[in-house]
Amino acid sequence: MATATTSPAPDLETVEHLLSEFQHLETQLQQVREGLTHSHRLATLGTIAAIIAHEFNNILTPIMTYSQLALANPDDHQSLLKAAEKSALGAERAARICSSLLGFAREADEQHAAPLRRTVEDAIACMAREPAKDNIDLKVDLPDVQVALAPLSLQQVLLNLLLNAKKAMGPRGGKIRITGRVAGSLVYIDLADSGPGIPPAIRDRLFEPFVTQRIRHDLDDAPEKRGTGLGLCICRDIIHQAGGTIGVDSAPGQGAVFHIALPKADDLFEST
């Protein structure tokens, strides 16, 4: 009869070495995750670069026109006043766009709670162009509450969903609704669009990395032909790290609704 053999237990030095290696790998993984998240923010800025350039051109055109009229008629005080007004309004709007974009591009956010309404406004401002100019009817109805997630991270998630919705609806535009409610210790946020919906073949795998690239050859109506293929995957990672959830409901021809649930910041801080 064969006798069972047992491996000798690892000594303390070996265990400590393995723990040290594990902690080192965990640190490296976190650094990679943070770098990928920041890279995605910069890629998002690249996506809206053309929108920004077009909008800045729209801001500068009336400033130049009225300034030239004022210079041609230096004694016309009405022209001078109009030129000053247009310049001030244009400069203010350009400054708001730049401020939003610079804030979105920064590497870190030391805040741990995001005021929901303000963060949504910042995400919309990052789009640079007013939604109505693209035939988009955008309405926001949110509670005055803070969620337990850094404002920059929540802004990144919201901007990614907004850009996806805008692209899905195309040049004809449509409706986007951002609504929210509080239930117990959670804040629920819904972002709905009136686009063509998400094909069933990818709906259940939408948050997987590179899923759109892997299947786009099999679908004529794949919603994302370009990009990194990591946007929604990174959004899910951001939400999950905050202790929240994200999902989607959609049917062909009936748009899409992204559901986000996040801990309410006040409750989280009171329990710690």
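The model shown is predicted, which means the values in this text are computed figures rather than measured ones.

Quick notes on the rules
- Residue indices follow the written sequence of each chain, beginning from 1 at its first position.
- Where totals are concerned, whole chains, interfaces and linings use all residues; where local detail is concerned, this predicted model gives features only for residues with pLDDT of at least 70, and gives and counts side-chain atom pairs only at 80 or more.
- Side-chain numbers here rest on the full set of heavy atoms in the structure, without hydrogens or water.
- We count a stretch as a helix when DSSP gives it H or I for four or more residues in a row; a strand needs E for two or more, and each element gets its number in order from the N terminus.
- Whether two residues are in contact is decided by their heavy atoms: any pair within 4.5 Å suffices.
- Areas reported here follow the Shrake-Rupley algorithm with a probe of radius 1.4 Å; residue values treat only the protein chains shown as occluding.
- The classification of residues rests on relative accessible area computed with a 1.4 Å probe and restricted to protein chains. Under 20% of the type maximum is buried, over 50% is exposed, and intermediate values are partly exposed.
- This arc corresponds to the set of directions leading from the helix axis out to the C-beta atoms.
- As used here, the term nonpolar core means buried Ala, Val, Leu, Ile, Met, Phe, Trp, Tyr and Cys residues forming a set that is joined through side-chain atoms within 4.5 Å.
- Think of it this way: DSSP has to see at least two bridges between two strands before they count as a pair.
- Note on geometry: axes are C-alpha line fits, over the in-contact stretch for helices, and angles between N-to-C directions span 0 to 180 degrees.
- Salt bridges, as used here, are contacts in which a Lys or Arg side-chain nitrogen is within 4 Å of a carboxyl oxygen on Asp or Glu.
- Within a predicted model, pLDDT stands for the predictor's per-residue confidence, ranging from 0 to 100.

With respect to the overall build of the chain
Stage number 1. Looking only at helices and strands, the chain has nine helices and seven strands in total.
Stage number 2. Sequence-distant contacts, at least 24 apart, represent 73% of the contacts inside the chain between residues at least 6 apart.
Stage number 3. Accessible area of the chain: about 16100 Å², with a carbon and sulfur share of 56%.

Regarding helix H4 (residues 116–126)
Stage number 1. Leu 116, Thr 119, Val 120, Ala 123, Ile 124 and Cys 126 are the residues of H4 that are buried. Looking down the long axis of H4, one finds its buried residues gathered within 160° of arc, a one-sided arrangement. Opposite the buried face of H4, by more than 90 degrees, sit the exposed residues Arg 118 and Glu 121.
Stage number 2. A positive backbone phi angle near 70° is found at Ala 128, which sits one or two residues after H4.

Some thoughts on the nonpolar core
Within soluble globular proteins, side chains that are nonpolar tend to cluster in buried spots.
Stage number 1. Among the nonpolar cores identified, the biggest contains 54 residues, and Phe 258 and Leu 262 are the most heavily contacted of them.
Stage number 2. When residues of this core are assigned to their parent elements, the largest contribution, ten residues, is made by helix H5 (residues 151–169).
Stage number 3. If sequence neighbours within four positions are ignored, Phe 258 has contacts with Leu 161, Ile 189, Asp 190, Leu 191, Ile 198, Leu 206, Phe 207, Leu 232, Gly 247 and Val 248.

Concerning the sheet that holds strand S4 (residues 174–183)
Stage number 1. Judged by pairing direction, the sheet is mixed, and its five strands sit side by side in the order S2-S4-S5-S7-S6 without closing on themselves. Each of the sheet's edge strands pairs with one partner strand only, and the pair in question is strand S2 (136–141) and strand S6 (245–250). Averaged over all neighbouring strand pairs, the angle between strand axes comes to 15°, with direction disregarded.
Stage number 2. Relative to strand S7 (residues 256–263), S6 runs antiparallel, the two sharing six bridges. Note that in S7 the partner of Ile 246 across the bridge is Ile 260.
Stage number 3. Each of S2, S4 and strand S5 (186–193) touches H4; the most contacted strand, S2, lies at about 160° to it.

With respect to the pattern of salt bridges
Stage number 1. Considering all chains together, one arrives at five salt bridges under this definition.
Stage number 2. Asp 122 is the partner of Arg 118 in a salt bridge, and the nearest nitrogen-oxygen pair spans 3.3 Å. Taken as a pair, Arg 118 and Asp 122 lie in helix H4 at a separation of four residues, close to a single helical turn.
Stage number 3. For Arg 118, a relative accessible area of 51% gives the class exposed.
Stage number 4. Asp 134 is the salt-bridge partner of Lys 166, the closest N and O atoms lying 3.9 Å from each other. Highlighted residues: Lys 166 in helix H5 and Asp 134 in the loop between H4 and S2, separated in sequence by 32 residues.
Stage number 5. A relative accessible area of 18% places Asp 134 in the buried class.

Brief notes about the confidence of the model for the chain
Low pLDDT means the predicted atomic positions in that stretch should not be read closely.
Stage number 1. In this model, the chain carries a mean pLDDT of 79, and residues with pLDDT of at least 70 account for 74%.
Stage number 2. Averaged pLDDT values over the elements of the chain bottom out at 50 in helix H7 (residues 211–215) and peak at 97 in S5.
Stage number 3. Note that residues 214–227 has pLDDT below 50 and, in this model, 22 contacts with residues that lie over four places away or in other chains.

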